[in-house]
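So the chains spell out like this:
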Amino acid sequence: MVLAKSHRVYSIDLIGYGYSDKPNPRDFFDKPFYTFETWASQLNDFCKDVVKDQAFFICNSIGGLVGLQAAVMEPEICRGMILLNISLRMLHIKKQPWYGRPLIRSFQNLLRNTAAGKLFYKMVATSESVRNILCQCYNDTSQVTEELVEKILQPGLEPGAADVFLEFICYSGGPLPEELLPQVKCPVLIAWGDKDPWEPIELGRAYGNFDSVEDFIVLPNVGHCPQDEAPHLVNPLVESFVTRHATPPASVSAASLYSSN
């Protein structure tokens, strides 16, 4: 990352993802473990124990909810936040019609508690499926290399990854961006790839109206993962934002929180 030339930069595997530990969600009985509160606590603890300083959060997709939740829980830690194509959480239970909610819960129970869930995951956790998914969310499909496919696939083949995946896709509760943004005290910059097929920019623009958001920037001809597809557009935004809000610059750290969901 360009920012690492002048600042400390950390890229974090949230618990359950990447090569981090993957506790079985069933070990927590009826209490959900893989939640934005869990991940936000991890991020804040990482800043306190490892970074030992305030930090900027640079977040993509679902990672944006984690960053926002962390900033709400312990506002003294986050100096500023950049949200890249934050998840709109369109499958959230609050965004579903009342008559469809029982059907959603039944489908979630099917995935969690029967062999159907593991079969579904087995179909998804292949190079071909990962490549097809990435080609959906990258507008420039030439960026979908074999190296990228394998980097995303291999952690998904780790023991316990299937249980975490199924638990998360059945997580239709928790906070929404529009609930967290009004509570955030730090400055926020939102950038959005306008060719994102999963998180439509037409809906995302509304987030630019919150008081904590200093700017909403459109990234032309870019899909869901701008930091990877168009670093030439994202890096200058990050550098400018960090420089603008860092005091003193020498102490600044940045925690990158990306999600492929």
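Residues numbered from 1 in each chain as written. Predicted model: local features only at pLDDT ≥ 70, side-chain atom pairs only at ≥ 80, totals over all residues. Heavy atoms only, no water.

J.: Can you lay out the overall build of the protein for me, pointing to particular residues and giving the numbers?
T.: Check the secondary structure of the protein and you find 11 helices and 6 strands. Against the compact-globule benchmark of 18 Å for 261 residues, the protein has a radius of gyration of 18 Å, which places it among compact chains. Reported as C-alpha extents along the three principal axes, the dimensions of the protein are approximately 55 × 40 × 35 Å. Taken over 261 residues, the protein has a buried fraction of 48%. Once local pairs closer than 6 in sequence are excluded, the contacts in the protein between residues at least 24 apart make up 76%. Charged side chains of the protein number 22 positive and 30 negative; the gap between the two group centres comes to 4 Å. (Helix = DSSP H or I, 4+ residues; strand = E, 2+ residues; numbered from the N terminus. Rg over C-alpha atoms; globule rule 2.2 N^0.38 Å. Buried < 20%, exposed > 50% of the residue type's maximum accessible area, 1.4 Å probe, protein only. Contact = heavy atoms within 4.5 Å. Lys, Arg positive; Asp, Glu negative; His and termini not counted. Charge placed at Lys NZ, Arg CZ, Asp CG, Glu CD.)

J.: Tell me about helix α11 (residues 231-245), residues and numbers included.
T.: Because each turn of an α-helix spans 3.6 residues, side chains separated by three or four positions in sequence point in the same direction. Here α11 spans 21 Å end to end across 15 residues, near enough to the 21 Å set by a 1.5 Å rise per residue. Of all the positions in α11, only V234, N235, L237, V238, F241 and V242 are classed as buried. Seen from one end, α11 has its buried residues packed into an arc of 165°, which puts them on one side. For α11, the exposed residues set more than 90 degrees away from the buried face come down to H232 and T243. Lining the buried residues of α11 we find β2 (55-60), β3 (78-84), β4 (188-193), β5 (213-219) and α10 (226-229). (Expected span 1.5 Å × (residues − 1). Arc of directions from axis to C-beta.)

J.: So what's going on with the state of the cysteines? Which residues, and what values?
T.: As used here, a disulfide is simply a covalent bond connecting the sulfur atoms of two cysteines. Under the criterion given, the structure shown has 0 disulfides. Take C59: it sits in no disulfide, and the sulfur closest to it among the cysteines is that of C78, at 7.5 Å. As a non-bridged cysteine, C137 has C225 as the owner of its nearest cysteine sulfur, 4.4 Å distant. (Disulfide = S-S within 2.5 Å.)

J.: Give a detailed account of the layout of surface pockets, specifying residues and quantitative values.
T.: If you add up the space inside the second largest pocket, you get close to 400 Å³. Of all the secondary structure elements, the ones that give two or more residues to the lining of the second largest pocket are α3 (101-113) and α7 (161-169). (1 Å grid on protein atoms, 1.4 Å probe; cavity = no way out; pocket = protein on both sides within 12 Å on 5 of 7 lines; lining within 4 Å. Points joined across faces, edges and corners; volume = space filled by probe spheres on them.)

J.: Would you mind going over the UniProt feature "domain: AB hydrolase-1" (unreviewed entry) in the protein in detail, with residue names and values included?
T.: Here, UniProt's "domain: AB hydrolase-1" (unreviewed entry) annotation points to residues 3-231. Taken as a whole, residues 3-231 contains 41% helix and 13% strand, while its terminal C-alpha atoms sit 11 Å from one another. (UniProt positions renumbered as here; feature names shortened; annotations may be inferred.)

J.: Account for the environment of C59, naming residues and giving values.
T.: Among the secondary structure elements, C59 is positioned in strand β2. Residue classification places C59 among the buried residues on the basis of a relative accessible area of 0%.

J.: Describe the pairing of β4, naming the residues involved and giving the relevant values.
T.: β4 sits mainly inside the fold: 6 of its 6 residues count as buried. Residues V188, I190 and W192 line one face of β4 and the alternating positions L189, A191 and G193 line the opposite face, and both faces are buried. Here β4 runs beside β5; their pairing, made up of 6 bridges, is parallel. Each residue of the ladder has a partner; that of V188, found in β5, is V213. (Pairing = 2+ DSSP bridges.)

J.: Can you explain the packing of aromatic side chains? Please cite residues and give values.
T.: By the definition in use, this model includes 17 aromatic pairs. Relative to F168, the ring of Y17 lies with its centre 6.2 Å away and its plane at 90°, an arrangement referred to as edge-to-face. Placement of Y17 in the loop between β1 (8-11) and α1 (36-51) and of F168 in helix α7 is noted, with a sequence separation of 151 residues between them. Looking at Y17, the relative accessible area reads 23%, which means it is partly exposed. Exposure remark for F168: the relative accessible area of 11% places this residue in the buried category. Here a set of aromatic residues connected by ring pairs shows up, and it is made of Y17, F28, F33, Y34, F36, W39, F168 and Y171. (Phe/Tyr/Trp six-rings, centres within 6.5 Å; stacked < 30°, edge-to-face > 60°.)

J.: Break down the packing of helix α4 (residues 115-124) against α7 for me, citing the residues and quoting the values.
T.: With their axes 10 Å apart at the nearest point, α4 and α7 run at an angle of 105° to one another. One way to sum up the angle between α4 and α7 is to call them roughly perpendicular. Residues G117, K118, F120 and Y121 of α4 pack against A161, A162, D163, F165, L166 and I169 of α7. (Axes fitted to C-alpha atoms, helices over the stretch in contact; angles between N-to-C directions. Parallel < 35°, antiparallel > 145°, perpendicular 65-115°, else oblique.)

J.: Account for the packing of helix α5 (residues 127-137) against helix α6 (residues 146-156), naming residues and giving values.
T.: It is at 9 Å that the axes of α5 and α6 come closest, and there the two elements cross at 110°. Viewed along their axes, α5 and α6 adopt a mutual orientation that is roughly perpendicular. Here α5 runs over α6; the crossing is right-handed. Between α5, through S127, V130, R131 and L134, and α6, the contact on the second element is made entirely by E146, L148, V149, E150, I152 and L153. Looking at side-chain class alone, the contact of α5 with α6 contains 6 nonpolar, 1 polar and 3 charged residues. (Left-handed = near helix turned anticlockwise from the far one by under 90°. Nonpolar A, V, L, I, M, F, W, Y, C, P; charged D, E, K, R; others polar.)

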